[in-house]
Amino acid sequence: MEQRNIALRLSYTGTAYHGWQVQKNARSVAETLEQALATVVGHPVKLTGAGRTDAGVHARVYVANFRTSSGIPVDRLPLAVNTRLPDDIVVSRATVVPDGFNAIGSCLRKEYTYRIYNSRIRDPFYVNRVWFYPRPLDEAVLAAAAAQFVGTHDFAAVRSVGTETRSTVRTVYYFEVARRERVIDLRVCADGFLYNMVRAMVGTCVYAAQGKLDPADIPGILSARNRTLAGPTAPPDGLYMTNLWYEEDVL
C-alpha cells in the first residue's frame, strides 16, 4: 500500500517523561508513542512532533505526524493505539494530511499556559501540575511585566543555551495573565519559542512581582540580550502546551 502521512492530536502529562524528544538514556513521550504505534501499524515508526517539551512539561494539545504503509482506517487508529499507551498519554484524533505536512514546520503559532498555585499552603491535587509559590503575587504587576514581551523582539535574554537556532528573534502575539482564586494562569502565544523561553519569561514576570525589577526594565533587558539580567527559569511542572495553529484541519 502507498504510504500515508498521518497527523495525530494528543495530550499528555509529562511528569514521568524526560520531555517529548527521544533520548538515549531516558524515557520520552515520543519513544513511548512510537513503540505503541509500531505494534498497531506493524512496522517501526518515526514521529515528528510540534516542538520539544522539557522534562516534566505537559501538553493539553500536541500534534505529531508519521508515515505508514499500514491500511488501518484513521478513525480506528486512536482507539487502537490508546489501548497500548500508559494512562498519561492519550491520542484523540488521527488525520491523513498532505505529504508535505510536518508537525513542527507547518505550525503557524503555538500557545503555552503557565500555571502558578499562589497560596501559603500547597494543594496535594496540584503536585507536579503547577509552580507552588507561597508568597503573595500581584497579578497586575505580572500582567504589566508580561505586556513588555508582546511584539517582535530578540529574545536571547530569556532563553537557555541548548538547541541551536539561526535567529533568536520571535513574535509574541499575546501574553495574558488571569487569576482565579489561588491559581494564576500566564498564557502566551508566539510564532515560535526558544529553549526555556516561556519559563524564563514567567520567571522574569515573577521577579517583577517580587519588586526585584520594574516591568519597564524589560525592554532594556531584551535589548541587552543578557540572560543574567532577566529572572530565573520557572520550574517545568507548571508549563502546558495549550494550543497550536495549522492551515490543515488536524485539531
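Our subject is the structure listed above.
Values in this document were obtained by computation on a predicted structure and should not be read as measured data. (Residues numbered from 1 in each chain as written. Predicted model: local features only at pLDDT ≥ 70, side-chain atom pairs only at ≥ 80, totals over all residues. Heavy atoms only, no water.)

### Things to note about the packing of helix α3 (residues 139-147) against helix α4 (residues 197-209)
Turning to step 1, where the next piece is worked out: Viewed as axis vectors pointing N to C, α3 and α4 meet at an angle of 130 degrees, and their least axial separation amounts to 8 Å. Put simply, α3 runs oblique to α4. Where α3 crosses over α4, the two elements pack in a sense that is right-handed. Contacts from Val-141, Leu-142, Ala-145 and Ala-146 of α3 reach α4 at Cys-205, Val-206, Ala-208 and Ala-209. (Axes fitted to C-alpha atoms, helices over the stretch in contact; angles between N-to-C directions. Helix = DSSP H or I, 4+ residues; strand = E, 2+ residues; numbered from the N terminus. Parallel < 35°, antiparallel > 145°, perpendicular 65-115°, else oblique. Left-handed = near helix turned anticlockwise from the far one by under 90°. Contact = heavy atoms within 4.5 Å.)

### Some thoughts on the side chain of His-58
Turning to step 1, where the next piece is worked out: By the element assignment, His-58 lies in strand β3 (residues 58-68).
Turning to step 2, where the next piece is worked out: On the basis of relative accessible area, His-58 is assigned to the buried category, the value being 0%.
Turning to step 3, where the next piece is worked out: Only 2.9 Å separates the side chain of His-58 from the backbone oxygen of Asn-128, close enough to count as a polar contact.
Turning to step 4, where the next piece is worked out: The contact partners of His-58, leaving out residues within four places of it in the chain, are Tyr-12, Thr-13, Gly-14, Thr-15, Asn-128, Arg-129, Asp-237, Leu-239, Tyr-240 and Met-241. (Buried < 20%, exposed > 50% of the residue type's maximum accessible area, 1.4 Å probe, protein only. Polar contact = N/O pair within 3.5 Å; in protein donor to acceptor, adjacent residues only side chain to side chain.)

### Points about helix α1 (residues 29-41)
Turning to step 1, where the next piece is worked out: Over its 13 residues, α1 extends 18 Å from the first C-alpha to the last, a length consistent with the 18 Å expected when each residue adds 1.5 Å.
Turning to step 2, where the next piece is worked out: All of the buried residues along α1 are Val-29, Ala-30, Thr-32, Leu-33, Glu-34, Ala-36, Leu-37, Val-40 and Val-41.
Turning to step 3, where the next piece is worked out: The elements touched by buried residues of α1 are β1 (4-12), β3, α2 (77-82) and β4 (89-97).
Turning to step 4, where the next piece is worked out: Sitting at the head of α1, Ser-28 places a side-chain oxygen 3.1 Å from the backbone nitrogen of Glu-31.
Turning to step 5, where the next piece is worked out: Phi turns positive, to about 85 degrees, at Gly-42, one or two residues after α1. (Expected span 1.5 Å × (residues − 1).)

### Some thoughts on the pattern of salt bridges
Two side chains of opposite charge can pair, provided their charged atoms sit close to one another.
Turning to step 1, where the next piece is worked out: Summed over the entire model, instances satisfying the criterion amount to eight salt bridges.
Turning to step 2, where the next piece is worked out: One salt bridge connects Asp-54 with Arg-199, and the closest N-O pair in it is separated by 3.0 Å. Residue Asp-54 is located in the loop between β2 (48-49) and β3, and its partner Arg-199 is located in helix α4; the two are separated by 145 residues in the primary sequence. Summarising the burial analysis for this pair, Asp-54 and Arg-199 share the class buried.
Turning to step 3, where the next piece is worked out: Salt-bridge contacts for Asp-154 lead to Arg-225; the nearest nitrogen and oxygen are separated by 2.6 Å. One end of the pair, Asp-154, is in strand β7 (residues 151-154); the other, Arg-225, is in the loop between α5 (218-224) and β10 (239-245), and 71 residues separate them in sequence.
Turning to step 4, where the next piece is worked out: The exposure class assigned to Arg-225 is partly exposed, which follows from its relative accessible area of 45%. (Salt bridge = Lys/Arg side-chain N within 4 Å of Asp/Glu carboxyl O.)

### What to know about the state of the cysteines
Turning to step 1, where the next piece is worked out: Overall, the coordinates contain zero disulfides when judged by the stated rule.
Turning to step 2, where the next piece is worked out: As a non-bridged cysteine, Cys-107 has Cys-189 as the owner of its nearest cysteine sulfur, 9.1 Å distant. (Disulfide = S-S within 2.5 Å.)

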